Amino acid sequence: MSGNSYPLEPQAVEFGAPPPFVRLPDVSNLFAKRSERFVQLASTRQPAGFFLLLSHLAKAQHRALEELTSLPMPTASYLEYCRENRLAPFAPDMFKPDTAWLSVLSRVLDELSRQDLTADASSAVRRARQLDRAVLQAWGSAIVRGIYEPVDRQVAPFIFGALQVYWAKLASQLEAEKISRLNAPGDCPVCGCPPVAGRILAEGQFRGNRYLWCNLCATQWHLVRIKCSNCESTEGIAYYSIEGQNQAIKAETCEKCKTYLKLMYLEQDVNLDPVADDTGSYALDLMLSEQGYHRRTPVSFLFAAPE
Ligand SMILES: [Zn+2]
Ligand SMILES: [Zn+2]
C-alpha cells in the first residue's frame, strides 16, 4: 500500500460525559456551506468544472430548502413504534415521500438553469426538466435504495440532490431524544442508510467524539471509535491516508469484512464537508479498492463525473 498506515488511531480517547446519540441536521446552512467547500475544492481538483457544477447544485439545494415549508409528519404512534422496535422511521422501504420532493427538484433545476454551466451540464438540466413524474418517481425510488443503474448518469445528481433536501428537512422536524439506535449501529437511525463518512468533532462537549454522517438525510449519530461501522469488529482496524494529500482525512479499514469508512478530523481541518470532501478525496478510494477494500455507499456524486 502506498499510503501512510496507522496501526492505531491517534487521539482515540473520547472525553467527558456520554455524548448525545443523535445530532439532527441544521438545515439553515448545511448546503450553503457545502457549496462553498465545493468551490474551494474546484481550485485544486480535476475536473474543476465538475466540482463547480456540484457547488451550483449545493447552492440550488440551499435555496430550495429555504423555501420548503414544513413537511407532513407520520403519526406519533408510528414514530413511537419505530423507537420501540429500533426501526428507522424514514427508511425508504417503510416510508414513501410525498410529492413535495418533486417540487424541490423543480426548484433545484430552475436554479441550475440560471447558472453558467458547461454544455454537458446544461443539457442534463434540460433533459431532467423534460422527464415525466412517473420516471422521476421511479428513479428517485431507485436512488434512495442505492441503485443507480437505470438512472441517466448525469441527471442522477439532481434527483439525489432533491431527495437530500427533502430527507434532511424531514429529519430536522424530528425530536432527537425520540430516536433510538438501530440493531445495526452503523446505519442511520432516521433513514436506515449507510454513512457516507465519519467525522471526529472538535467543538466543546463533542470534542474527540465520532459521529457518522448520513448521505441522504444528513443526520449524525454517535459511534465509538476504533470500531468497524459495518460489522462492529474492534479488531483488525487500521487507518490509511495518502502522502501529500489532506492528512485530516483517513480511511478506517476493517480486516474482518474488508470495508472501509472515511474519517474526517475537524480538529485538523475545520472546513471539511462530509459529502464534498468525500468527492474530493476519491484518490483514497482508488488506493483502497486496489487493495481489495470496498465501501457501502458510492463515492458522493462520482457516478456523474465526466469520464
Ligand atoms: Zn439518514
Ligand atoms: Zn468490518
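Residues numbered from 1 in each chain as written. Chains lettered and ligands numbered in written order. Predicted model: local features only at pLDDT ≥ 70, side-chain atom pairs only at ≥ 80, totals over all residues.

Caption draft 1: How the structure looks around the overall build of the chain. Assigned secondary structure in the chain consists of 9 helices and 8 strands. Relative to the 2.2 N^0.38 estimate, which gives 19 Å for 307 residues, the radius of gyration of the chain is 19 Å and therefore close to what a compact globule would have. Principal-axis analysis of the C-alpha atoms places the extent of the chain at approximately 50 × 50 × 35 Å. When each of the 307 residues of the chain is scored for burial, the buried share is 45%. Relative to all contacts within the chain whose residues are 6 or more apart in sequence, the contacts with residues 24 or more apart total 66%. (Helix = DSSP H or I, 4+ residues; strand = E, 2+ residues; numbered from the N terminus. Rg over C-alpha atoms; globule rule 2.2 N^0.38 Å. Buried ≥ 20, exposed ≤ 12 C-beta atoms within 10 Å, placed from the backbone. Contact = placed C-beta atoms within 7 Å.)

Caption draft 2: Representation of the domain arrangement of the chain. If you check the domain split of the chain, you get domain 1 (4-21 + 178-304) and domain 2 (26-176). Between the C-alpha centres of domain 1 and domain 2 the distance comes to 22 Å. The partner domain 2 presents 32 residues to the 27 residues of domain 1 that form the contact. Looking at side-chain class alone, the side of domain 1 that touches domain 2 contains 15 nonpolar, 8 polar and 4 charged residues. (Domains from an automatic or database assignment. Nonpolar A, V, L, I, M, F, W, Y, C, P; charged D, E, K, R; others polar.)

Caption draft 3: Examining the packing of helix H4 (residues 100-113) against helix H7 (residues 156-172) more closely. Interaxial distance between H4 and H7 falls to 9 Å at its minimum, and their mutual angle equals 125 degrees. Taken together, H4 and H7 sit at an angle that is classed as oblique. Helix-helix and strand crossings are classified by hand; for H4 and H7 the assignment is right-handed. Facing H4, whose interface residues are Ala-100, Trp-101, Val-104, Leu-105, Val-108 and Leu-109, H7 presents Phe-158, Ile-159, Gly-161, Ala-162, Leu-163, Val-165 and Tyr-166. Class assignment of the residues belonging to the contact of H4 with H7 gives a composition of 12 nonpolar, 1 polar and no charged. (Axes fitted to C-alpha atoms, helices over the stretch in contact; angles between N-to-C directions. Parallel < 35°, antiparallel > 145°, perpendicular 65-115°, else oblique. Left-handed = near helix turned anticlockwise from the far one by under 90°.)

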